[in-house]
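Inside the fold
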Amino acid sequence: MLWKDGKKKAVTLSYDDAVIHDRRFIKLLRKYGLKCTFNLPSSWIGDTTAYVNDEDEPKEEFGHIVISESEFKELYDDFEVASHAAHHPNLVGLPLEEVQSEILDDVKRLEELSGKKVRGFAYPYGAYDDELVQRLKDLGIVYARTVNSTSAFGIPEDFLRWRPTTYNEAPDFMDVARKFVECDEEGALFYLWGHTYEFYLNNSWDKIEEFMKLMASHKDEIWFATNMEIYEYIQANKQA
């Protein structure tokens, strides 16, 4: 299988939580022409009390300062916005009504802020079970990202249990990326996930820029797409 425009490979990214470090990350995405899906807990957006590590550690040190509502649309306008549950709870085992509220409230506010349809999801804390997968499906979610990396370049068998290729803080992250650009497999898919505050905390901005530069240097054979664009392309390919 070839990707859009006859490209042999595809790359998609998935980043969580709506923190201010998305600003610098998005500048890099635009510089190198990559696409990304941002999974956002809508209740945190514009909430100055959100995402504090603990009472004794200032947000400025931990890096978890969320973006404002006023900058939302301009910041994420070129990218896909997906749900991460309104308050980012572990949804496994919660009452059905609470699960439904977390997802539908998040989707509704994200759609209001972005002006775009929201049908994607990332499991808070990576936690899911068969019951939650079914709830997402019932609520109109078509794909959901886990945190279980594969280090492989295959297409997911189940998009509601979508396993990424690797995590931006994995020790072998760049080794897997180089293996991807060197592989000659048609239909290969590289899926990177993480949090932009990790680049701040770990002083690893150079590393993610190295990754983007590497992928951009192979743009003639790589399609850069959001998670939804990958999902929709695969569905269309199955029906062709």
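Here we summarise the structure given alongside this text. Because the structure is predicted, anything quoted here is derived from the model rather than measured.

The rules behind each value
Residues numbered from 1 in each chain as written. Predicted model: local features only at pLDDT ≥ 70, side-chain atom pairs only at ≥ 80, totals over all residues. Heavy atoms only, no water. Helix = DSSP H or I, 4+ residues; strand = E, 2+ residues; numbered from the N terminus. Polar contact = N/O pair within 3.5 Å; in protein donor to acceptor, adjacent residues only side chain to side chain. Contact = heavy atoms within 4.5 Å. Core = buried A, V, L, I, M, F, W, Y, C linked by side-chain atoms within 4.5 Å. Buried < 20%, exposed > 50% of the residue type's maximum accessible area, 1.4 Å probe, protein only. Arc of directions from axis to C-beta.

**Some points on the side chain of Glu-209**
With respect to the element layout, Glu-209 can be found in helix α8 (residues 205-216). A polar contact is formed between the side chain of Glu-209 and the side chain of Tyr-32, at a distance of 2.7 Å. Setting aside chain neighbours within four positions, we find Glu-209 in contact with Leu-28, Lys-31 and Tyr-32.

**Points about the nonpolar core**
If you look at the biggest cluster of nonpolar residues, it comprises 59 residues, and the most contacted ones within it are Phe-25, Ile-208 and Phe-211. Contacts of Ile-208, omitting those with residues within four sequence positions, involve Tyr-15, Phe-25, Leu-28, Phe-173, Leu-192 and Phe-199. Ala-10, Ala-82, Trp-223 and Tyr-231 belong to the second-largest nonpolar core, a separate cluster that totals 16 residues.

**With respect to helix α5 (residues 130-138)**
Along α5, the residues classified as buried are Leu-132, Val-133 and Leu-136. Down the axis of α5, the smallest arc covering the buried residues is 105 degrees, so these residues share one side. Away from its buried face by more than 90 degrees, α5 exposes Asp-130, Glu-131 and Lys-137. The inward-facing, buried residues of α5 contact α4 (96-114), β4 (120-122) and β5 (143-145). Within two residues after α5, Gly-140 carries a phi angle of roughly 90 degrees, on the positive side.

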